[in-house]
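Each chain, letter by letter, is given below.
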Amino acid sequence: FDAEARTLSPFRLLSLVEKGKKQPAGAQDSFDLATIRSKVREYIEDGDWRIRNVGVKLAGLVEHREILPVLLAMLRDRTPDSFLRRLFGGDFRQVGFVRRNIVKTVGDLGIYNPDVKKALLEALADPYYEVRSCSAATRSSFCLAEPSRHTAGPCPHAPHRLNVRRLLQHRLPLRRL
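All figures in this text were calculated on a predicted structure; none of them were measured in a lab.

Draft legend 1. Structural view of the overall build of the protein. Across its full length, the protein holds ten helices and zero strands. Counting helices and strands in the order they occur from the N terminus, the protein gives α-α-α-α-α-α-α-α-α-α. For the protein, the residues scored as buried account for 44% of the 177 residues in total. Partitioning the intrachain contacts of the protein with sequence separation of at least 6 by distance along the chain shows that 65% fall at a separation of at least 24. A total accessible area of about 9900 Å² is found for the protein, and carbon and sulfur atoms account for 53% of it.

In structure tokens, the structure reads:
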């Protein structure tokens, strides 16, 4: 699979990894995580938002926890998109789909620390509604105990859920466009 993964299109690689994750443990193809993780970094740095989006999704599927700081930086990136794209409804270089999938991937990685907390709170005010919604759902899946008690790994109280409406009312007011 290693040699094949190097030649696959990003979309085909994503499809194979998604299919492999759905199969029972014994029936899964063996994936070379090092190769896929190097592809994740390559995809995330690509100029095309669709390729970056594949990289974000793959990061969550292969549990590439080391990429978390890069994902958080992408989520916070407010570099305006080109003038032409903004005329047609775009906002930032990291388009709404990519930002939403970053939030989902952060939840899939299961790491809750002060940086994640801050990024998720900021995402509650994102101009794209799916980012706000996903951020509220992801934030609610993490415990709200002080993150300093468990900064290095998954939240020990992750099954705890919050009322998302209460969380949204308590935190940042949603901006209207």
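Draft legend 2. Spotlight on the nonpolar core. Within the largest apolar cluster, 37 residues are counted, with the highest numbers of intra-cluster contacts made by L58, L71, I102 and V116. Contributing elements (two or more residues each) for this core: α2 (10–22), α3 (33–44), α4 (49–61), α5 (68–76), α7 (96–109), α8 (114–123) and α9 (129–141). For L58, the residues in contact, after removing those within four places along its chain, are L13, L14, V17, I36, V40 and Y43.

Draft legend 3. Spatial organisation of the packing of aromatic side chains. Scanning the entire structure with this criterion turns up three aromatic pairs. Relative to Y128, the ring of F97 has its centre 5.9 Å away and its plane inclined at 80°; by these criteria the two rings are edge-to-face. Taken together, the residues span a long stretch of sequence, with F97 in helix α7 and Y128 in the loop between α8 and α9 at a distance of 31 residues. A relative accessible area of 37% means that F97 is categorised as partly exposed.

Draft legend 4. Seen up close, the packing of α2 against α3. Where α2 contacts α3, the axes come no closer than 12 Å and their chain directions differ by 135°. Judged on the interaxial angle alone, α3 and α2 are oblique. α3 is crossed by α2, and the crossing has left-handed handedness. Touching P10, L13 and V17 of α2 are I36, K39 and Y43, all from α3.

Draft legend 5. View of α8. Three or more residues of α8 are buried, namely V116, A119, L120, L121 and A123. In this structure, the buried side of α8 is in contact with α5, α7 and α9.

Criteria and cut-off values
- Residues numbered from 1 in each chain as written.
- Predicted model: local features only at pLDDT ≥ 70, side-chain atom pairs only at ≥ 80, totals over all residues.
- Heavy atoms only, no water.
- Helix = DSSP H or I, 4+ residues; strand = E, 2+ residues; numbered from the N terminus.
- Buried < 20%, exposed > 50% of the residue type's maximum accessible area, 1.4 Å probe, protein only.
- Contact = heavy atoms within 4.5 Å.
- Areas by Shrake-Rupley, 256 points an atom, 1.4 Å probe, with all protein chains shown as cover.
- Core = buried A, V, L, I, M, F, W, Y, C linked by side-chain atoms within 4.5 Å.
- Phe/Tyr/Trp six-rings, centres within 6.5 Å; stacked < 30°, edge-to-face > 60°.
- Axes fitted to C-alpha atoms, helices over the stretch in contact; angles between N-to-C directions.
- Parallel < 35°, antiparallel > 145°, perpendicular 65-115°, else oblique.
- Left-handed = near helix turned anticlockwise from the far one by under 90°.

Limitation: the analysis is restricted to geometry and does not speak to function.
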